[in-house]
Amino acid sequence: MPMSQAVTMMLETFPKLGSQETIKAIDIPGRILASPVYSNRTNPPHLLSGPDGIAVVSSQTTGATKETPVEVNAPRVNTGLPLPDGFDAVVPMEEVIHISKGRYRIHIQVTPYQNTIPAGSDVEKGDLVMEAGHLFIPYDIGALLTYGIREVSVKSWKIGIIATGDEIVPPDKNPLFGQIVDSNSYVIAAYLKQFGITPVIAPVIPDDLDAISEELLRLSETCDMVLLFGGSSAGSKDFTADALNNSGILLFHGVSMAPGKPVSLANVNGNPVFGMPGPSIGALIILYKLVYPLLRQWGAPIPEGTFVNGELTAPVSSYGGFDMFLLVSAHQHEGKMLITPVERRFGQMMGVRANAIIHIPSGTPTIESGTNVQVLMIRSESS
């Protein structure tokens, strides 16, 4: 299926926005507010001093000048602390002369509430603090705690992750001959967590059709999406497409994109289940080109990405009727942005040397060295 058609089918089939959950205010960074929040407190709760100085009754300072100073009994107050009852203004310390304990000579007059921070000047109890859809940053924690908001309802997306294969072992085990460490589950989980999405990593499932079907059914009942890794191609033990077909409605198996060609998608319990490629680069491309667009449609705070232009340092070719995606290195050299393809071989992990992806649409002729191209950054140039 052409990639554009697969994306359209996916977005039209799964338009939902996800669910909600209540979390502690200290855990909000990266999450999106699901419903408006209102202050539980008035802030500041009292009349506060602006500068360090003395608290006064403003009417007692009338007529005070350098030529005709006024003496008052007054308590000291510090910035941000409450004024004692009965006082309504502050005279800064640089404007007073200390005479004796608690007694000062002042040479300026002040008006009511001058040099103070009025009660409720920040927010009144019951005031709207944040609208639904607010993307939390760490600074917001201070506001919520100050306003007495200890918990908030946030948008919630849970994504189940299943690695399959007799040869796959969890990362806490050393692989024996013919075994492969499950890295995809943890790479994709880390990508998702940075956008406030909760990954649910299942135990590794062997190449058993019934076991795979049972696990994806279980996760599809509790998660908004499931990513099923491995077994998606045409090997003798590739059961992903059969498991998806047995458990729900298989929408497609195989998309004209490379890497990522064997990707599949099914509707299981009303939720999307992706049959993800096993190779790590293919999994990354499917994450960016299929999973991310669907999550954005659901309201997840995933940015569209940063694109840069630069000069290609080696020719690249399209792949038949496929949309081709290559990992590249975008780097500055003598004031010029250069785009260098990263060599790709089966099983290699040195894609870590790349910081961008170039998309070569289906039918594009060979792009020659020296051509100006646009790439999607997946990490900063200096990383």
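Look up a bit, the structure's there.
The structure presented is a predicted model; accordingly, all values stated were derived computationally and were not measured.

Draft legend 1. Spatial organisation of the pattern of salt bridges. Counted by the stated rule, this structure contains seven salt bridges. Residue Lys-16 pairs with Asp-224 through a salt bridge whose shortest N-O separation is 3.3 Å. With Lys-16 in the loop between α1 (3-13) and β1 (19-24) and Asp-224 in the loop between α4 (209-222) and β17 (225-229), the pair connects residues that are 208 residues apart, well separated along the chain. Classification of Lys-16 by relative accessible area gives partly exposed; the value is 31%. With a relative accessible area of 8%, Asp-224 lands in the buried category. Arg-31 is the salt-bridge partner of Glu-21, the closest N and O atoms lying 2.7 Å from each other. Of this pair, Glu-21 sits in strand β1 while Arg-31 is found in the loop between β1 and β2 (37-38), placing the two residues ten residues apart along the sequence. Take Glu-21: its relative accessible area is 24%, and that puts it in the partly exposed class.

Draft legend 2. Main features of unusual backbone geometry. With an omega of -10 degrees, the peptide bond between Asn-43 and Pro-44 qualifies as cis. Structurally, Pro-44 can be placed in the loop between β2 and β3 (48-49). Backbone torsion omega between Ala-258 and Pro-259 reads -5 degrees, so that peptide bond is classified as cis. When you line up the elements, Pro-259 lands in the loop between β19 (257-258) and β20 (264-268). Positive phi, normally seen in glycine, also occurs at Asn-115, with a value near 60 degrees. Among the structural elements, Asn-115 can be located in the loop between β9 (103-106) and β10 (116-117). Judged by its relative accessible area of 28%, Asn-115 is partly exposed. Despite not being glycine, Glu-334 has its phi angle at roughly 55 degrees, a positive value. Within the secondary structure, Glu-334 is located in the loop between β23 (323-333) and β24 (336-341).

What counts and what doesn't
Residues numbered from 1 in each chain as written. Predicted model: local features only at pLDDT ≥ 70, side-chain atom pairs only at ≥ 80, totals over all residues. Heavy atoms only, no water. Salt bridge = Lys/Arg side-chain N within 4 Å of Asp/Glu carboxyl O. Helix = DSSP H or I, 4+ residues; strand = E, 2+ residues; numbered from the N terminus. Buried < 20%, exposed > 50% of the residue type's maximum accessible area, 1.4 Å probe, protein only.

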